[in-house]
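Structural overview for review
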Amino acid sequence: MMGAPEVPPNRGIPFSDLITGLICLAGCIAFLVLAFALPAGHSTGDVGPGALPKQIGIFGIICSAVYLLTALRGGFAEERPEFTESHRALAAFAIFAICLAVVPWLGLAPALALAAAVVTLLFAGRGRLVRAAATAAGVWLIAVLLFERLLGLPLP
Amino acid sequence: MDGVIQSLGVIFSLSGLVVLLIGALLGIVIGALPGLGPSIGLSLLIPFTYSMSPELSMLLMISLYTSAEYGGSISAILLSTPGTAAAAATAIDGYAMAQKGQANEAISISLTASTVGGVLGGLALLLLAMPLAKLALQFGPAGYFAVGLFGLTSVAALSGGSLVKGLLGAAFGLGLATVGIDPIAGTPRFTFGHFELYEGVPFLAALIGLFAVSEAMALAEKHACKAPMNKSRVGHVFMSAAVWKETWRSMLSGSVIGTLLGILPGVGGNIACWVARDYARARDPHPETYGKGAANGIAAPEASNNATVGGALVPLLSLGVPGSPTTAIMMGALIMHGLHPGPQLFAEQPTLVYAILFGVIIASLVQYLVGSLFLPIMARTVLLPDGVIAAGILTFAVLGAFAIRNLMFDVWMTLAFGLVGYAMKKLNFPVAPVILAMVLGYLVESNYRTALVSSQGDYMVFLTDPISVLFLLLSLVSILVPVRRAWRAKRPVRGGQGA
Amino acid sequence: MQREMTFTGRFIRRTMAVLCLMAGTALALPQTAAAEFPEKPVTLVVWSGAGGSLDTYGRKLAELLEREAGWTVKVDNRPGGSGAVGLSQIVTQPADGYNILVLTGTLTFGIAQGLIPFKLEDLRLLRAMQSEPSSLAVMNDSAFQTVDDFVTYMKEHPNELRVGGHSSGGFHQYMLYQLMKQGGFESGWIPHDASGKVTLALLGHHIDAAMMTPSTALSQVKSGEIRLLGVSTAERSPFLPDAPTFKEQGYDIEGAIWRGIAVKAGTPDDAVDAIQAAIDTVTASEEWKTFQEEQFQDSPDWAEAEFTERVQKDLAEQAEFLKSAGFVQ
């Protein structure tokens, strides 16, 4: 997971903004469609379960459209996002997601300790292994002593 | 008068003070851990309170409740991961201040504001419980709807640079708030067959994901531990006279807002913190400093969320009706002792009632003491290596998400929110409007529809209820004032006006 | 060939005999164990969050099971999904009696409305231990003194009064529906998401009448600020001797929201018997009786047969109510 895939740098067009706008638009349209599928209310005077969702959907579509137009006109140019280091963030995320996926076999506390150790390894610095081991031990202790014993949570 | 003296005797007895100290200690830790808030903390205490006298058990619970409201701000300031829902507003300016190397100052402002808010809320409870309870009764569904709408108008102020991004975030939050069983018709909405979603998307899952997980991911972007450029000196807890002078107004307004919103069932600290911040910002000669580490951006929400403690106890003590999940747990503990809260409790158990009334004030002071001892230790967490902080945040996020309902489903949802939060962070979308809209969405929708069902569909209900009219007007003002200011400045904010 | 067959036959017979013997011991095992149930800690799965009245009951039960019956008990809160989360926790565990569900009468509403994706047959309903009635409540400045006053007014002015209570399509609305059917009137329903809010709405005159559990407005009922026109119990409750029942006013309305325990279907009888015996010692204890009085709870104490029968009847009637009120198509 340390192998760094090259993320292409941004070119002139606000690519990420366009994608974001389109995702928002698609999400709002999907939400609106689902809202129309909701049944009508059955109390006198009630606007029904679908009323607010429909309004949100339409409001969201308008906002997404404005966002897209602004992006096309270069409105967000001065705050151009940087994704060059995103693979590291996603790696940290993936480590936790994978470790949580094996919770049914491993148990939550050991899985978290493992994940925490690997995440600390992502960072450079002196004594990485020692730090990772210490973090894992600390995390395991916190999970078991504080959350399982003291707070009485039924950790899986 | 006997009750007063006896209750003070209980509070200042050795066991009373020990209980207050333990409560404050537990409260700060539980509050600082993301996902664990006052209501979870109190419910964990319940088994221990069986064997205590009712007075001591109430003191313990009040002390934990108050301190947890403060504790939530510590992690919000240091790690941008609000420990409690009511500390979400503090995360914005608190974290910005910590980034400037003023973590210590930020926490001391939060501690002082929390104490001031707690004391003022407690005083309001002590002196004005009955009139405040009468005020709370005036709020009908139309009134609650208007209050919620008023709260939503601060989305614009929370949007930062771009209004359209804030509005998109608000739409997202409102959409999330509609998930779950419909409050009026009882049909499940947007649950896709998952019964875990019947009670809605857990607010804490969104909060932990959007703030904590995304922050850990952002930390992971750094290659190595950079030189501790923003790691400040820690140690002193007292606010300087200059800071006092700067923040006393917002502490006061925050306390009043917190007390008033605290007495309204279903409103409470989660909403009060945003309203207080927005009010302070609107009155401030330098609103542009908000979001960049304004002292008042910490003082106002922190004073308000502690003031809600006193407010929330008003309906419990004067009407015998709990107004929030946390006070419902306290009521449960009293019932366990065979006591039923309500106006007659003043006559039957004056010692207990005055112990609660004075307890809120004393607990705030004890919280200041314990908080100031804790501050140096807490503030040192930022000195840890980035890798350890990132791993720690993620661990606590997972454990906190699990603690919401003991469900792995919530953990996965939190992680998903983390991914969304990270994307929002990269694209300069503010997360605050999402959180605010999520908090208010349910309040606004359920009360809007309840009002219409009560009036058989007559929309005049919103214009005949004086409280509704008042807050609708306030909403209008808070939308129009910035718009007028923007027009005057020159061109209005780009985009956004279409909505 | 034949020799081989007989050999095989004998082999099979012998194997069978051994197997039978083994099965016999295996079957005998639970019986010896029954005397000692539970051999390990028992979990009480409470299907709501910590701090509510169901949780209070569950924790008291756990405490008394430990003290009176000598069990080791753990309370496990599994809120969510209108109870479906707690229920699924039970049905995914082995049917050995070590996981006991602490649940309420909202079970049948959830199933009837299709929200809880399980059937009554997935559970053995062991004992209903607490119950609370509903009541028709108005403020003391209201003109209504009896249920008849209310019914007569509603007949002449259909839908005019604002009547509300806790939850949408739940127990209290169901009680109002029964009153509507018997009184022959029409009324809307204003749902509230917490029972405390019903009291506040009534006190603030935001609703004209409420269907509510009497104990949620205890101090106001006692002080006379809130007047109970009718209570849905068979006889007057010892806690509220002044509040008349629906029955004594000629309305055949009786119902209560129960709280009780259940285990997964297929749990062997000996484990169930051991649980029932332990519950008997709990309900016989002085502390349980005091607890019930302090909580203003009636003690239905329905054992498995009666409990199951009542719940099945509830389910059928509630399904009809939910259909006519528009909750189910």
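Our structure's up above, just so we're on the same page.
In what follows, the accompanying structure is described. All figures in this text were calculated on a predicted structure; none of them were measured in a lab. (Residues numbered from 1 in each chain as written. Chains lettered and ligands numbered in written order. Predicted model: local features only at pLDDT ≥ 70, side-chain atom pairs only at ≥ 80, totals over all residues. Heavy atoms only, no water.)

Some details on the interface of chain B and chain A
Counted only if it meets this: Two residues form a contact once any of their heavy atoms are found within 4.5 Å. Two parts placed together each lose some accessible area under a 1.4 Å probe, and adding up what both lose gives the buried area. The salt bridge criterion pairs a side-chain nitrogen of Lys or Arg with a carboxyl oxygen of Asp or Glu, the two atoms within 4 Å.
Between chain B and chain A, the residue contacts involve 66 residues of the former and 67 residues of the latter. The junction of chain B with chain A conceals about 5,600 Å² of combined surface from both sides, 79% of it contributed by carbon and sulfur atoms. Summed over the shared surface of chain B and chain A, the result is 1 salt bridge. For A:D46, the salt bridge identified is with B:R449, shortest N-O distance 2.8 Å.

Digging into the pairing of strand β4 (residues 123-133) of chain C
Residues and elements named next belong to chain C. Formally: Any residue under 20% of the maximum accessible area for its type is buried, any over 50% is exposed, and the rest in between are partly exposed; the area is computed with a 1.4 Å probe on protein chains only. Secondary structure elements are taken from DSSP: a helix is a run of H or I of four residues or more, a strand is a run of E of two residues or more, and numbering for both begins at the N terminus. Note on pairing: DSSP must find at least two bridges between two strands before they are called paired.
Most of β4 sits out of view: 11 of its 11 residues are buried. Two strands pair when backbone bridges link them, and β4 and strand β10 (residues 256-264) are joined in this way by 9 bridges, in the antiparallel orientation. Counted as the bridge partner of L123 is K264 from β10.

Side note on helix α13 (residues 296-319) of chain B
Residue and element names in this part refer to chain B. Stated formally: By this rule, a helix spans an expected 1.5 Å times one less than how many residues it contains. The term bend refers to the angle at a residue between two fitted axes, each drawn through seven residues, those ending there and those starting there.
Taking 1.5 Å per residue, 24 residues should reach 34 Å; α13 reaches 34 Å between its end C-alpha atoms and fits that length. The axis of α13 is deflected most strongly, by about 30°, at T308. Most of α13 is tucked away, with 24 of its 24 residues classed as buried. G320 sits one or two positions beyond α13 and adopts a positive phi of about 75°.

Overview of the packing of aromatic side chains
Heads up, the condition is: We call Phe, Tyr and Trp rings a pair once their centres come within 6.5 Å, taking the six-membered ring for Trp, and we label the pair stacked below 30 degrees between planes, edge-to-face above 60, and tilted otherwise. Counting as a charge over the ring demands two things of the Lys NZ or Arg CZ atom: a distance within 6 Å of the ring centre and an angle within 35 degrees of the ring normal.
A full pass over the atoms with the stated rule returns 24 aromatic pairs over all chains. Each ring, one from B:Y448 and one from B:F462, has its centre 5.3 Å from the other, and the planes form 15°; the classification is stacked. Separated by 14 residues along the polypeptide, B:Y448 in helix α19 (residues 432-454) and B:F462 in helix α20 (residues 461-464) bring together distant segments of the chain. Judged by centre distance (5.0 Å) and plane angle (45°), the rings of C:Y177 and C:F321 are tilted. Of this pair, C:Y177 sits in helix α6 (residues 171-183) while C:F321 sits in helix α11 (residues 304-324), placing them 144 residues apart in sequence. The pair C:Y177 / C:F321 is uniform in exposure class, with both members buried. Aromatic ring contacts, followed pair by pair, group B:F139, B:Y144, B:F150 and B:F471 into a single cluster. Above the plane of the ring of B:F429 lies B:K165, whose end atom (NZ or CZ) is 5.4 Å from the centre. Its guanidinium or amino end placed over the ring of C:Y98, C:K40 lies 4.6 Å from that ring's centre, counting from NZ or CZ.

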